[in-house]
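Architecture at a glance
Spelled out from the first residue to the last, the chains are:
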Amino acid sequence: MNQDYGAGEFVTDSSYIYQVTEVKLVKDNKGKEEYYMYYKPAWGSDKVYTASIPIENLKKTGIRKMLTTDEIKKVYKDLKNKEIEAEYNSLVIKEMIFSNNLESIVSVLIYYWIRMATLTKTDLEIVEQMMARLCQEISMVTKKEPSVIRGEIESILKKRS
């Protein structure tokens with residue numbers, strides 16, 4: 001599994017984009033060896049630090065690799081066409097955001113966008129957090145300004161309203 005990540009690559013969670021600084025085999029105090037990924041904020045944080053996590057725990061924390069250009073195309077397609085099949089509440093949505101599952105984030109963004117006029121302040125903050133993170137990630141991959149990405153996404157969502 002350590003081959004899936006390498007120094008210099010970018011990963012993301014629900015809050016920040018990170019750059020992988022190292023992946024190495026580490027032995028714990030019981031003698032068990034496992035691969036750890038070391039990473040630091042690359043964008044979206046004013047804090048400078050290096051953190052580490054066992055690679056087998058990445059999914060639990062919502063850390064995943066950055067989107068590929070094909071995945072970005074799918075996000076745009078889903079924003080245009082995805083049908084919302086569930087009702088959401090703030091608690092469920094916060095959990096979905098933390099999991100950093102892109103399909104869930106797209107579904108929630110569509111769901112909230114359609115109901116924008118009736119959202120509470122908390123829900124509006126959630127929408128803003130999701131939108132900002134999605135725009136940052138797509139921007140980093142496509143090299144377009146986040147404001148341009150946001151305009152594209154809002155244009156797609158407005159057509160759904």
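Refer to the preceding data block for the structure.
Worth saying up front: this structure is predicted, and the values here are computed from it rather than measured. (Residues numbered from 1 in each chain as written. Predicted model: local features only at pLDDT ≥ 70, side-chain atom pairs only at ≥ 80, totals over all residues. Heavy atoms only, no water.)

What follows concerns the overall build of the chain. What the chain contains, in helices and strands, is six helices and five strands. Reading the chain from its N terminus to its C terminus gives the helix and strand order β-β-β-β-α-β-α-α-α-α-α. Split into buried and exposed, the 161 residues of the chain put 39% on the buried side. Sequence-distant contacts in the chain: of pairs separated by 6 or more residues, those separated by 24 or more amount to 52%. Taken as two groups, the 25 positive and 24 negative side-chain charges of the chain have centres that lie 2 Å from each other. (Helix = DSSP H or I, 4+ residues; strand = E, 2+ residues; numbered from the N terminus. Buried < 20%, exposed > 50% of the residue type's maximum accessible area, 1.4 Å probe, protein only. Contact = heavy atoms within 4.5 Å. Lys, Arg positive; Asp, Glu negative; His and termini not counted. Charge placed at Lys NZ, Arg CZ, Asp CG, Glu CD.)

Before going further, it helps to examine the pattern of salt bridges. Pairing is possible between side chains of opposite charge, provided their charged atoms come close. Summed over the entire model, instances satisfying the criterion amount to seven salt bridges. A salt bridge links Glu152 to Lys144, with the shortest nitrogen-to-oxygen separation between them at 2.9 Å. On the basis of relative accessibility, which here comes to 37%, the residue Lys144 falls in the partly exposed class. Each member of the salt-bridge network shares a partner with another, and the members are Arg64, Arg133 and Glu137. (Salt bridge = Lys/Arg side-chain N within 4 Å of Asp/Glu carboxyl O.)

In terms of strand pairing, strand β1 (residues 10-12) meets strand β2 (residues 17-27) through three bridges, oriented antiparallel. By the bridge assignment, Phe10 is partnered in β2 with Gln19. Joining the antiparallel neighbours β1 and β2 is a turn of four residues. (Pairing = 2+ DSSP bridges.)

Within the secondary structure, Thr12 is located in strand β1. With relative accessibility at 0%, the residue Thr12 sits in the buried group. Polar contacts involving the side chain of Thr12 include one to the main-chain carbonyl oxygen of Tyr16, which spans 3.0 Å. Those residues within four positions of Thr12 in sequence are excluded, and the remaining contacts are Ile17, Tyr18, Gly62, Ile63, Arg64, Lys65, Met66, Asn100, Arg133 and Glu137. (Polar contact = N/O pair within 3.5 Å; in protein donor to acceptor, adjacent residues only side chain to side chain.)

With that settled, consider the nonpolar core. One finds Leu79, Leu109, Tyr112, Met130, Ile138, Ile153 and Leu157 to be the most contacted residues of the largest nonpolar core, which totals 30 residues. Sorting the residues of this core by element identifies α2 (69-81), α3 (90-99), α4 (102-114), α5 (121-142) and α6 (146-160) as the ones contributing at least two each. Sort the elements by how many residues they give to this core and α4 lands first, with nine residues. Once you skip the residues sitting within four places of it in the chain, Ile153 turns out to touch Tyr76, Leu79, Leu109, Met131, Leu134, Cys135 and Ile138. Membership of the second largest hydrophobic core comes to eleven residues, among which are Val11, Tyr39, Ile55 and Leu58. (Core = buried A, V, L, I, M, F, W, Y, C linked by side-chain atoms within 4.5 Å.)

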